[in-house]
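Summary of the model geometry
Here is how the chains run, residue by residue.
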Amino acid sequence: EGVHSHHNDDDDDDDENDGFVTMSQLQHQHPTYPGEEAMTSPGLGGVGGPGRAGKIINDPVHGHMYFPRVVMDAVDTPQLQRLRELKQLGTAYYVFPGASHNRFEHSLGVCHLATNMYEALRRSSGKAVRTGLDRADKVSIQLAGLCHDLGHGPFSHVFDNEFLPRRCVDWNPREPTWNHEAMGADMFEWMVEDNHIDLDQEVVKRVRDLITSDDSGAAPGKKFLWDIVANKRNSVDVDKFEYLMRDAHNAGVKGSVDISRLVSFMKVIDDKICFKASEVYNVYELFHTRASLHQKVYTHKKAKAIEYMVVDALAEADIAWNNEISNAIWDVKDFIKLDDSILKRIEWSREPQMQLARDIVRRIRTRDLYQYVNEYSVPEEDIQYFKQVTEIDVTSCQGDNDIPGGLTPDDIVVQNMKIDYAMKDKNPVDSVKFFQDYNDTSSFHIDKNKVSVLLPSNFMERKVRVFSKSRDPTYVEAVEAAFTAHQRKMYRTEQQLTPARKRPRSQH
């Protein structure tokens, strides 16, 4: 038998524990001690027994994290170890030297936070919630936390959002035929088979559903478990907690949200995770911190320039290698070979048809980057009906310049940048439920206007940026002129904050 779903890891004297447990208490009395877990674990599908204790891993962000044996069985597989070769922040590492962390340590952290959140909810949400939970629930949550990113490709979101749309025919960005969550679920299922991890089919199916946020098969009384790892209702989940903590820590920027407080002040009401009403401002801070990391780190203009270079190099390599990269997404056995080291493969390749790709990587190595030219903010009233600006939109406004034959769309990159509160133009906090006292059995929404007038009234901003692939001043000036002409055409005025930079002419 796989996971013993009838086993209820609950003590009879649990009633006194019905009160609420803070995170600081959790810190002092870890959810489970390795020794205790080794003694009490009935063995998950026959893999228990002596010498099968879990492990304690020390992490700079969370301190000591305990993982039971079944989780360690998943960690010690090629599918999970692949995440050591995927930078969490991709090209941001070329700007923030501390941001060298990989998806591997993020995944361990998400598993750790998911365990803590599960335990905190088990304790704070009363007997009714607790009696419905069993070991299989906890293991499913832990494995979903650990494996939620197994489907990420090289340079993560760059791969999904920039590379695949360019290389896959019939790619519709509104309804992509492939996404990293579904791929993650496939990779997880393969990992279990490939490494003979002894898990109940029920658990495997549940972990798949948790990774893809599919709660259609959730049993009543267990739907709240889908709020923990990948929350599609309001996106307040441990994945977000973890990457905000780790990214801020490693990039050296400060976040303003207190995540341990959020985890401490929640309970389950009506099968949803709810927060204490006094924490509403902190929930706004969570999204504010995320938006500010997007502005400072994730969309940093130099990191973006390198990102576009990486995409160009990957696209050139994909052509030279007969679509080997873009086809790998259809088979887990090919996909596992894709990670950030692909840049090295390109750099040291020998084939003559790889020369263009090699040259681009060489430019990254010598920091001969695509040149950021300018940006403008899309006016508030135009955000809702915003139409993506294309390279042709800009080059068609170029007028006269010194470039023989003029600028072509291939000479520039236009970035249509969107920073939001994770739910397009909606306020995610409108989808968060709150409670007043720990013994409350009903929850409510909180209207933003009752919280503070200083909170944002818009939840999405759009900027349009343009980069020149050549750093030659003739090109950069031509792009500058075309970009300002484009703004005048669209808005009858220049929208950009600062005029074109005065650049020294290169010495001829």
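First, a word on scope: everything that follows refers to the structure included in this document. What you see is a predicted model; the values in this text were computed from it and never measured. Sequence positions are assigned chain by chain, starting from 1 and proceeding in written order. Totals for whole chains, interfaces and linings use all residues, but because this is a predicted model, local features are given only for residues with pLDDT of at least 70 and pairs of side-chain atoms are given and counted only at 80 or more. Each side-chain value is derived from all of the structure's non-hydrogen atoms; neither hydrogens nor water enter the calculation.

1. Focus on the overall build of the chain
For the purposes of this entry, the term helix denotes a DSSP run of H or I that reaches at least four residues, the term strand denotes a run of E that reaches at least two, and both are numbered from the N terminus. The helix and strand tally for the chain stands at 22 helices and 8 strands. Looking at the chain as a whole, 56% of its 508 residues are labelled buried. If you take every contact in the chain between residues at least 6 apart in sequence, the share linking residues at least 24 apart comes to 75%. For the area figures, the Shrake-Rupley method with a 1.4 Å probe applies, and any residue is considered shielded solely by the protein chains shown. Total accessible area computed for the chain in this model is approximately 23300 Å², and 49% of it derives from carbon and sulfur atoms. Classification of residues uses two cut-offs on accessible area relative to the type maximum, computed with a 1.4 Å probe and protein chains only: under 20% is buried, over 50% is exposed, and between them is partly exposed. A contact between two residues is defined here by any heavy atoms of the two lying within 4.5 Å.

2. Looking at the pattern of salt bridges
Salt bridges, as used here, are contacts in which a Lys or Arg side-chain nitrogen is within 4 Å of a carboxyl oxygen on Asp or Glu. Evaluated as defined, the whole model comprises 29 salt bridges. As a salt-bridge pair, Arg 208 and Glu 189 come within 2.8 Å of each other at their nearest N and O atoms. Taken together, the residues Arg 208 in helix H10 (residues 201–211) and Glu 189 in helix H9 (residues 180–194) connect sequence positions 19 residues apart. Judged by relative accessible area, which is 23%, Arg 208 ranks as partly exposed.

3. Describing the side chain of Gln 79
Relative to the elements of secondary structure, Gln 79 occurs in helix H4 (residues 78–81). Under this definition, polar contacts are N or O atom pairs within 3.5 Å; protein pairs additionally need one hydrogen-donor-capable and one acceptor-capable atom, and for neighbouring residues in sequence, both atoms have to be side-chain atoms. In this structure the side chain of Gln 79 is engaged in a polar contact, spanning 3.1 Å, whose partner is the side chain of Asn 195. Look past the residues within four positions of Gln 79 in its chain and what remains in contact with it is Leu 150, Met 187, Trp 190, Met 191, Asp 194, Asn 195 and Ile 336.

4. Things to note about helix H11 (residues 238–251)
What a helix should span is 1.5 Å times the count of its residues minus one. Taking 1.5 Å of rise per residue, 14 residues should cover 20 Å, and H11 covers 20 Å from first to last C-alpha, within 8% of that figure. Counting buried residues along H11, 11 of its 14 residues qualify, which places the element largely inside the surrounding structure. All buried positions along H11 are accounted for by Val 238, Asp 239, Lys 240, Phe 241, Glu 242, Tyr 243, Leu 244, Arg 246, Asp 247, Ala 248 and Ala 251. Residues of H11 that are buried in the fold lie against strand E1 (55–59), helix H5 (103–124), helix H12 (259–264) and helix H13 (280–298). After H11 finishes, the residue Gly 252 shows a positive phi value of roughly 80 degrees.

5. Quick word on the sheet that holds strand E4 (residues 272–276)
Pairing is mixed across the open sheet formed by 3 strands, whose spatial order is E3-E4-E7. The open sheet has two free edges, formed respectively by strand E3 (266–269) and strand E7 (434–435), since each of these has just one partner strand. Fitting a line to C-alpha atoms yields each axis, with helices limited to the stretch in contact; the angle taken between N-to-C directions then spans 0 to 180 degrees. Here H5 sits on the sheet in contact with E3 and E4, set at roughly 65 degrees to E3. DSSP bridges decide pairing: two strands pair if at least two such bridges lie between them.

6. Brief notes about a nonpolar patch on the surface
For patch building, the residue pool is restricted to those with more than 30% relative accessible area and no salt bridge; the joining distance is 9 Å between like charges and 5 Å between nonpolar side chains (Val, Leu, Ile, Met, Phe, Trp, Tyr). A surface patch of nonpolar side chains, about 380 Å² in accessible area, is lined by Tyr 281, Val 453 and Leu 454. By secondary structure assignment, the location of Val 453 is in the loop between helix H21 (448–451) and strand E8 (460–468). Residue Val 453 is classed as exposed on the basis of its relative accessible area, which comes to 80%.

7. Observations regarding the packing of aromatic side chains
Think of it this way: a Phe, Tyr or Trp ring, Trp meaning its six-membered ring, pairs with another when their centres are within 6.5 Å, and the plane angle makes it stacked under 30 degrees, edge-to-face over 60, tilted otherwise. Inspection of every chain in the model, using the stated rule, returns 11 aromatic pairs. Between Tyr 308 and Phe 467, the ring centres sit 5.6 Å apart and the planes meet at 65 degrees, which makes this aromatic pair edge-to-face. Of this pair, Tyr 308 sits in helix H14 (residues 301–320) while Phe 467 sits in strand E8, placing them 159 residues apart in sequence. Between Phe 435 and Tyr 438, the ring centres sit 5.4 Å apart and the planes meet at 65 degrees, which makes this aromatic pair edge-to-face. The buried category is assigned to Phe 435, whose relative accessible area is 0%. A relative accessible area of 22% places Tyr 438 in the partly exposed class. Ring pairing ties together the aromatic residues Phe 159, Phe 163, Trp 178 and Phe 335, which thus form one cluster.

8. Re the pairing of strand E6 (residues 412–420)
The buried fraction of E6 amounts to 8 of the 9 residues, a majority that puts the element mostly inside the structure. Bridge count between E6 and E8: 9 bridges; the pairing is antiparallel. By the bridge assignment, Asp 420 is partnered in E8 with Met 460.

9. A look at the nonpolar core
Counting residues in each nonpolar core, the largest one holds 124 residues, and the members touching the most others are Phe 188, Leu 199, Ile 228 and Phe 241. Among buried residues, the Ala, Val, Leu, Ile, Met, Phe, Trp, Tyr and Cys ones that are joined through side-chain atoms within 4.5 Å form a nonpolar core. Core analysis: the next-biggest nonpolar cluster, separate from the first, contains 20 residues, Val 373, Ile 383, Val 389 and Val 414 among them.

10. A word on the packing of H5 against H11
Viewed as axis vectors pointing N to C, H5 and H11 meet at an angle of 130 degrees, and their least axial separation amounts to 9 Å. The orientation of H5 relative to H11 falls into the category oblique. In this structure, the crossing between H5 and H11 has a hand that is right-handed. Residues Glu 105, His 106, Gly 109, Val 110, Leu 113, Ala 114 and Met 117 of H5 lie in contact with H11, whose contacting residues are Val 238, Asp 239, Phe 241, Glu 242, Tyr 243, Met 245 and Arg 246. For this scheme, ten residues count as nonpolar: Ala, Val, Leu, Ile, Met, Phe, Trp, Tyr, Cys and Pro. Four count as charged, namely Asp, Glu, Lys and Arg, and the remainder, Gly too, count as polar. Here the contact of H5 with H11 is composed, by residue class, of 8 nonpolar, 2 polar and 4 charged. An angle below 35 degrees is treated as roughly parallel, one above 145 as roughly antiparallel, one from 65 to 115 as roughly perpendicular, and anything else as oblique. Two helices cross in a left-handed way if the nearer one is turned anticlockwise from the farther one by less than a right angle. They cross in a right-handed way if the turn is clockwise.

11. Looking at unusual backbone geometry
In the Ramachandran plot, Ser 156 falls in the positive-phi region, its phi being about 45 degrees despite a non-glycine side chain. Relative to the assigned elements, Ser 156 resides in the loop between helix H7 (135–147) and helix H8 (157–167). A residue is classified by how much of its surface remains accessible, and Ser 156, at 2% relative accessible area, is buried. A positive phi angle, close to 60 degrees, is found at Asp 170, a residue other than glycine. Here Asp 170 shows up in the loop between H8 and H9.

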